[in-house]
Amino acid sequence: LTIHSGPAIAGIVGTRIPRCAFFGETVQFVEAIDSSGPPGCLYISETAFGQLTPHFIQQHGARVVDQGMCKVRGCGQIRMRFLVPNLEPDPICHDLVRSLGSPL
């Protein structure tokens, strides 16, 4: 799962079974990050991270772990961070956090 902030367009597509769809660079960016990282982690983009306050993160019992610069398909090098809740994390995400030297 990825949290990102940016421009997007939403619309209803289909006539037989209408459904809501989102389009734009923001959506493509999120899809690229989702397909690049391990499952079970909640990634947050630099843009979305800049809009969160430390108080908000602490209040909701989460930590932000900086994964550094990573190559993401179609986006080049970007800074990757992910949110780690105080709950028991997914084992894959837990191992990734430990390998980055950040205790849970």
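Residues numbered from 1 in each chain as written. Predicted model: local features only at pLDDT ≥ 70, side-chain atom pairs only at ≥ 80, totals over all residues. Heavy atoms only, no water.

A. Main features of the environment of Ile-44. Residue position: Ile-44 is located in strand E4 (residues 42-44). What makes Ile-44 buried here is its relative accessible area of 3%. Each C-alpha atom of the pair Ile-44 and Ser-5 lies 9.3 Å from the other, and the pair is 39 residues apart in sequence. (Helix = DSSP H or I, 4+ residues; strand = E, 2+ residues; numbered from the N terminus. Buried < 20%, exposed > 50% of the residue type's maximum accessible area, 1.4 Å probe, protein only.)

B. Highlighting the pairing of strand E2 (residues 9-13). Two elements, E2 and strand E3 (residues 19-23), share five bridges in a ladder whose sense is antiparallel. Looking at E3, one finds that Gly-11 is bridged to Ala-21. Following E2, the chain reverses through five residues before pairing antiparallel with E3; Gly-14 in that reversal takes a positive phi of roughly 95°. (Pairing = 2+ DSSP bridges.)

C. Looking closely at the pattern of salt bridges. Here the structure, examined in full by the defined rule, presents two salt bridges. In this structure, the salt-bridge partner of Glu-46 is Arg-81, at a minimum N-O distance of 2.6 Å. In this pair, Glu-46 is assigned in helix H2 (residues 46-51) and Arg-81 in strand E6 (residues 76-85), connecting sequence segments 35 residues apart. Here Glu-46 falls in the partly exposed class, since its relative accessible area comes to 41%. Note that Asp-66 is salt-bridged to Arg-79, the shortest N-O span being 3.0 Å. With Asp-66 in strand E5 (residues 62-72) and Arg-79 in strand E6, this residue pair connects regions lying 13 residues apart in the sequence. (Salt bridge = Lys/Arg side-chain N within 4 Å of Asp/Glu carboxyl O.)

D. Examining the packing of aromatic side chains more closely. Enumeration over the complete set of coordinates arrives at one aromatic pair. Consider the rings of Tyr-43 and Phe-82, whose centres lie 5.7 Å apart with planes at 70°: the pair is edge-to-face. Of this pair, Tyr-43 sits in strand E4 while Phe-82 sits in strand E6, placing them 39 residues apart in sequence. For the pair Tyr-43 and Phe-82, a shared accessibility class is recorded, and that class is buried. The ring of Phe-49 carries the charged tip of Arg-81 above its face, separated from the ring centre by 4.0 Å. (Phe/Tyr/Trp six-rings, centres within 6.5 Å; stacked < 30°, edge-to-face > 60°. Lys NZ or Arg CZ within 6 Å of the ring centre and 35° of its normal.)

E. Spotlight on the side chain of Arg-81. Since its relative accessible area comes to 11%, Arg-81 is described here as buried. In terms of polar contacts, Arg-81 uses its side chain to reach the side chain of Glu-46, at 2.6 Å. Sequence-distant contacts of Arg-81, defined by excluding residues within four places in its chain, comprise Leu-42, Tyr-43, Ile-44, Glu-46, Phe-49, Val-64, Val-65, Asp-66 and Gln-67. (Polar contact = N/O pair within 3.5 Å; in protein donor to acceptor, adjacent residues only side chain to side chain. Contact = heavy atoms within 4.5 Å.)

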